[in-house]
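Per-entry structural report
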Amino acid sequence: MTTADARAMQPPFPAERGVDAYNTKLGMWVFLASEVMFFTALIGAYIILRFGAPGEWARPGTVLNVPVTAFNTFLLICSSVSMVKAYASIADGNQKLLKFWFLVTIICGASFVGVQAYEYLHLIHRGFVPSGVRDGSELAELVANGTLPGASLGLYGSTFYTMTGFHGFHVTCGVISMIYLYLTKVLPGKYTQQNYGGVEVIGLYWHFVDLVWIILFTIVYLI
Amino acid sequence: MTTVAGTPGVGHTHHDDRPFIRKYIFSTDHKIIGIQFLFVSLFFLLVGGLLAMQIRWQLGFPNQPMPGGKLLPETMAPDGVILPEYYIQLVTMHGTFMVFFAIMPLLVGVYANFLIPLKLGAHDMAFPRINMASFWAALLAGLVMLSSLFVPEGAARAGWTMYAPLSARPDLSGAGLGQQLWCVAIILLGLSSILGSLNYITTVINMRAPGMTWFRMPLSIWALFITAILGLLALPVLSGAAIMLLFDQTIGTHFFDPAAGGQALLWQHLFWFFGHPEVYILILPAMGMVSDMIANGSRKPIFGYHSMVFAIIGIAFLGWIVWGHHMFVSGMNPTLGSTFMVTTMIIAVPSAIKTFNWLGTMWRGNLRFHVPMMHAVGFVAMFVIGGLSGIFMAATPVDMHIHDTYFIVAHIHYVLFGGSLFALFGAITFWYPKMFGRLMHEGWGKVHFWLTMLFYNLTFFPMHILGMAGHMRRIYDPTMYDFLKPYQPLNHFISISAFLLFAVQAIFALNFIISLFRGAKASMNPWQDNGLEWTLPNPAPHGNWAEVPRVYRGPYEYSHPDTTEDFLPQSQKLPGDPEPAAASAAGH
Amino acid sequence: MESVQHKHPPYLLIWLYLFLLTAAELGLAFELPISRNLKLLLLLGTALWKALLVAMFFMHLKFEKWNLRMLFIIPLPLAVILVLAVITEKIW
């Protein structure tokens, strides 16, 4: 298995062995450990609140748009594959494929954000907001005529927007970082077969964001 | 003083022609960042102290006009008499500033930054620019928090622990913008802390000089490393909770609002899941630095070095599963409560191991009571008292009576002031020459130590008595309760002691400032210490070493049989010492 | 400095795997007439399986040294402890 050549990425002075990962890679893994705890707080709060919720929780698909989000999930997974293909390309020394797959990743990632923004606007239009259900909206009527259980919708809105919102924020940061790297390092051919740590490191972040979404999609949209 | 043979690069500095703003303002040099944290944190320590003085005025002289109180707005203190609405802000913000903006950055922001590369033999941190970002984020957070004191409705006021639903409901607490600014400041501070932690962890793992194996690291570095892991994993939970609180206040979410199905206890669990590791963040670096200072002052190796390391790891590990002991009276599940009681009792053990090891280090040592040693020994004594009061609180049935009383306040201050702050006074004095090239005045340092020790104990020890009598925390006017009226003279006494304690700190402040310009110039190793940082000139140059040092032994080889001096630096090669394997393996 | 050509793991195969598992989840969530608790268990299991695939193969954890794997694994029990402990408030 190739990982970006460790010695190329090491600073040019001797050190004790540590873990066999160069500094930026180790730093990214350490950062991801903190991100696990951050999402634990948000997702954990959701699980805890849902367990203790007064009354029923709205059934999957009745408030949120599952088909569109399923497509969006597929899009994000594809972007994860294209990212790892980009990494494999430069590990094999192929600049052209690196540029191609990197761009595909950016496009898929940006599309994910776009679709999610669209979903948010649509939900808000229907009346689903962070505080629950907006008075006089389409969803408020469904609550009034008993189709939707109203007692826990306040919690539903709170947890949904916070979790998916922060995930979307992380995706956006990832896309912006990738655009920056694409323009400053990928296109000018600054990554080589001996030095592609940046691709590996942004890849780790991107896969992590995908991983969190895999969990979120299941527990927010499907349960 | 023996010349240090075989240590490459001593005294070499590469030519440093950075402009002033890159050298001292937007610096990526870990030493400058550490010093920046020092000045900013000492400022916030002063802010916290001023808030405390006002608290003590109200408690010692209830409902009387405070000297200087006319400066405060009419809404907070009409005619200089502190209002209850202002008092609760004082209490909240005193805790907030002291924990988040004074002690934490003093221990971690200053010493993790300053010491880690120096004591490990590295040129700088793994990510110098992220390090700089971490400082500026912390400063920004502090300024946001400071600004919350000056908004019209006033600052946050639900206690530094910010319990919901009081903190989530401006209509209940009266604090709107001030509360939101608190949340924003905490989120920013969390970010700063996480960025810092990832730097410290990466540097310690990957950038130790050849020969600096894990078990040759000084205990200060072990403590800072483990603290960084605690911070890395605990601060995000606080940030998440603060985000949820901010959303409850601003966009109408219901995380902590029982009326809409939210759970008030959710805040407490999230906060204390962060909060308990946080208190270990506030003590472990102090313990680590105290170990360094006691070994130096005893001229002996640390007793039980390995068990000290395992105790630090044990404390950090157990610290994750004791958080509920802050919530014994919250109405949480009693079975859960019992579990927390057991785990809390267990965590006393590694702390006790450390205490005995410090004593074992001093036993039959060639004791030098320089100012850092005095503070370090004072730390041990005061921390024991704080720790013992902790045992009382660990027992749930006892805690039922003393929770939220001044017994808790006494405990907090014994471990945070008697513990962390004493260690900091010692550490600031100890590493002052390495930071500034001069020594603080020894005589005034001793005067400051003894007076602080006296007034500090006079201030905080009686609080145990108040607490046992049922004097509650955060109360505005104890005389409203008949059963507390007999204790009012004690409150009065505590307040006077506190004012004197605060006044005495002027000695430290003046010593610190004046020594910057008029202090005795320090030799390279004024404390005759073994750490790698003492092989560099004072102050240490940019880039530290021209060539990375080689390490041949552990950090506490004092009174070694093979040397004439009573210390033996880690990088000094003796005739029989083998070269570290990593030096040739890396081969650059 | 030699650059070594190693075989890459089968990324496209993993992608197919993930696609199929996602489709299975959708089917599970909406079509299958099974008890709610079983559904919950299977959905969570599938989600974790997908997450594991991404971590092991895309993030290459399967091929890293154990000490790097530990770095990522350590926060996980903490997360579980927090959530489980607080859930006992409502379900004990």
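Residues numbered from 1 in each chain as written. Chains lettered and ligands numbered in written order. Predicted model: local features only at pLDDT ≥ 70, side-chain atom pairs only at ≥ 80, totals over all residues.

1. Topic: the overall build of chain A
Across its full length, chain A carries seven helices and two strands. The linear arrangement of helices and strands in chain A, starting from the amino end, is α-α-α-α-β-β-α-α-α. Based on the C-alpha atoms only, the size of chain A along its principal axes is roughly 70 × 35 × 25 Å. The burial tally for chain A puts 52% of its 223 residues in the buried class. In chain A, 76% of the contacts between residues at least 6 apart in sequence involve partners at least 24 apart. (Helix = DSSP H or I, 4+ residues; strand = E, 2+ residues; numbered from the N terminus. Buried ≥ 20, exposed ≤ 12 C-beta atoms within 10 Å, placed from the backbone. Contact = placed C-beta atoms within 7 Å.)

2. Description of the overall build of chain C
In terms of helices and strands, chain C carries four helices and zero strands. Helices (α) and strands (β) of chain C occur, in sequence order from the N terminus, as α-α-α-α. Computed over its C-alpha atoms, the radius of gyration of chain C comes to 18 Å, more than 25% above the 12 Å expected for a compact globule of 92 residues. Seen along its three principal axes, the alpha-carbon backbone of chain C occupies a region of about 60 × 35 × 10 Å. Buried residues in chain C amount to 22% of all 92 residues. (Rg over C-alpha atoms; globule rule 2.2 N^0.38 Å.)

3. Re unusual backbone geometry
All names here are of chain B. A cis amide bond links Ala-164 to the next residue, Pro-165, at an omega of 0 degrees. Secondary-structure assignment places Pro-165 in the loop between α4 (128-147) and α5 (170-173). Cis geometry is found at the peptide bond from Asn-538 to Pro-539, where omega equals -15 degrees. Structurally, Pro-539 can be placed in the loop between α16 (488-518) and α17 (581-586). In this structure, Met-162 is a non-glycine residue whose phi angle is positive, near 50 degrees.

4. Quick look at the interface of chain A and chain B
Across the contact, 34 residues belong to chain A and 39 residues belong to chain B. With 15 residues, helix α2 (residues 23-51) of chain A is the largest single contributor of residues to the side of chain A that touches chain B. Along the lines of polarity and charge, the residues of the side of chain A that touches chain B split into 21 nonpolar, 11 polar and two charged. (Nonpolar A, V, L, I, M, F, W, Y, C, P; charged D, E, K, R; others polar.)

5. Notes on the nonpolar core
If you look at the biggest cluster of nonpolar residues, it comprises 279 residues, and the most contacted ones within it are B:Tyr111, B:Ile201, B:Leu224, B:Phe225, B:Ala241 and B:Leu266. With 25 residues, the top contributor of residues to this core is helix α3 (residues 84-120) of chain B. In this structure, B:Ala241 is in contact with A:Ala41, B:Trp267, B:Leu270 and B:Phe271, ignoring residues within four places of it in sequence. (Core = buried A, V, L, I, M, F, W, Y, C linked by C-beta atoms within 7 Å.)

6. A look at the environment of C:Phe57
Residue and element names in this part refer to chain C. Note that Phe-57 resides in helix α2 (residues 36-58). For Phe-57, a count of 22 C-beta atoms within 10 Å translates into the label buried. Taking the C-alpha atoms as reference points, Phe-57 and Pro-33, separated by 24 residues in sequence, lie 33 Å from one another. Those residues in contact with Phe-57 that lie beyond four places of it in its chain are Pro-9, Ile-14 and Lys-62.

7. As for the interface of chain C and chain B
Chain C puts nine residues into the contact, and the matching count from chain B is 11 residues. Each residue belonging to the side of chain C that touches chain B can be placed in one class, and the counts come to seven nonpolar, one polar and one charged.

8. Describing α2(A)
Residue and element names in this part refer to chain A. An ideal rise of 1.5 Å per residue puts 42 Å on 29 residues; α2 measures up with 41 Å between its terminal C-alpha atoms. Along its length, α2 reaches its greatest deviation from straightness, about 25 degrees, at Ala-41. Most of α2 is tucked away, with 24 of its 29 residues classed as buried. (Expected span 1.5 Å × (residues − 1). Bend = angle between axes of the 7 residues up to and from the residue.)

9. Points about the domain arrangement of chain C
Domain annotation of chain C identifies domain 1 (8-59) and domain 2 (65-92). The centre of domain 1 of chain C, based on its C-alpha atoms, is set 21 Å off from the matching centre of domain 2 of chain C. (Domains from an automatic or database assignment.)

10. Observations regarding the packing of helix α2 (residues 30-60) of chain B against α3(B)
Residues and elements named next belong to chain B. Interhelical geometry of α2 versus α3 gives an angle of 160 degrees and a closest axis separation of 8 Å. With respect to their mutual orientation, α2 and α3 come out roughly antiparallel. Judged by the twist between their axes, the crossing of α2 over α3 is left-handed. (Axes fitted to C-alpha atoms, helices over the stretch in contact; angles between N-to-C directions. Parallel < 35°, antiparallel > 145°, perpendicular 65-115°, else oblique. Left-handed = near helix turned anticlockwise from the far one by under 90°.)

11. Considerations on the confidence of the model for chain C
Looking at chain C, the pLDDT average stands at 86 and 91% of residues meet or exceed 70. Counting contacts from residues 1-5 of chain C, a segment whose pLDDT is below 50, to residues more than four positions away or on other chains yields eight contacts. (pLDDT = per-residue confidence, 0-100.)

12. Overview of the packing of helix α6 (residues 177-206) of chain B against helix α7 (residues 219-250) of chain B
Residue and element names in this part refer to chain B. Orientation of α6 relative to α7, taken along the N-to-C sense of each, is 155 degrees, at an axis distance of 7 Å. If you check the angle between α6 and α7, you find them roughly antiparallel. In the packing of α6 onto α7, the handedness of the crossing is left-handed. Residues that form the contact of α6 with α7 fall into these classes: 22 nonpolar, nine polar and no charged.

13. A word on the confidence of the model for chain A
Scored by pLDDT, chain A has a mean of 92; 95% of the residues are at 70 or more. Within the model, pLDDT remains below 50 along residues 1-8 of chain A, and this stretch shows 21 contacts once partners closer than five positions in the same chain are excluded.

14. Some details on the environment of B:Ser291
Residue and element names in this part refer to chain B. Tracing the sequence through the fold places Ser-291 in helix α9 (residues 284-298). On the basis of neighbour count, Ser-291 is assigned to the buried category, with 27 C-beta atoms found within 10 Å. A sequence separation of 41 residues divides Ser-291 from Thr-250, and the C-alpha atoms of the two residues are 47 Å apart. Filtering out sequence-adjacent residues up to four positions away, Ser-291 remains in contact with Leu-219, Ser-220, Ile-302 and Met-308.

15. Overview of the environment of B:Tyr86
Residue and element names in this part refer to chain B. Among the structural elements, Tyr-86 can be located in helix α3. Overall, the presence of 23 C-beta atoms within 10 Å leaves Tyr-86 in the buried class. Linking Tyr-86 and Gln-180, residues 94 residues apart in sequence, is a C-alpha distance of 17 Å. Beyond its immediate stretch of four places on either side in the chain, Tyr-86 contacts Met-76, Ala-77 and Gly-154.

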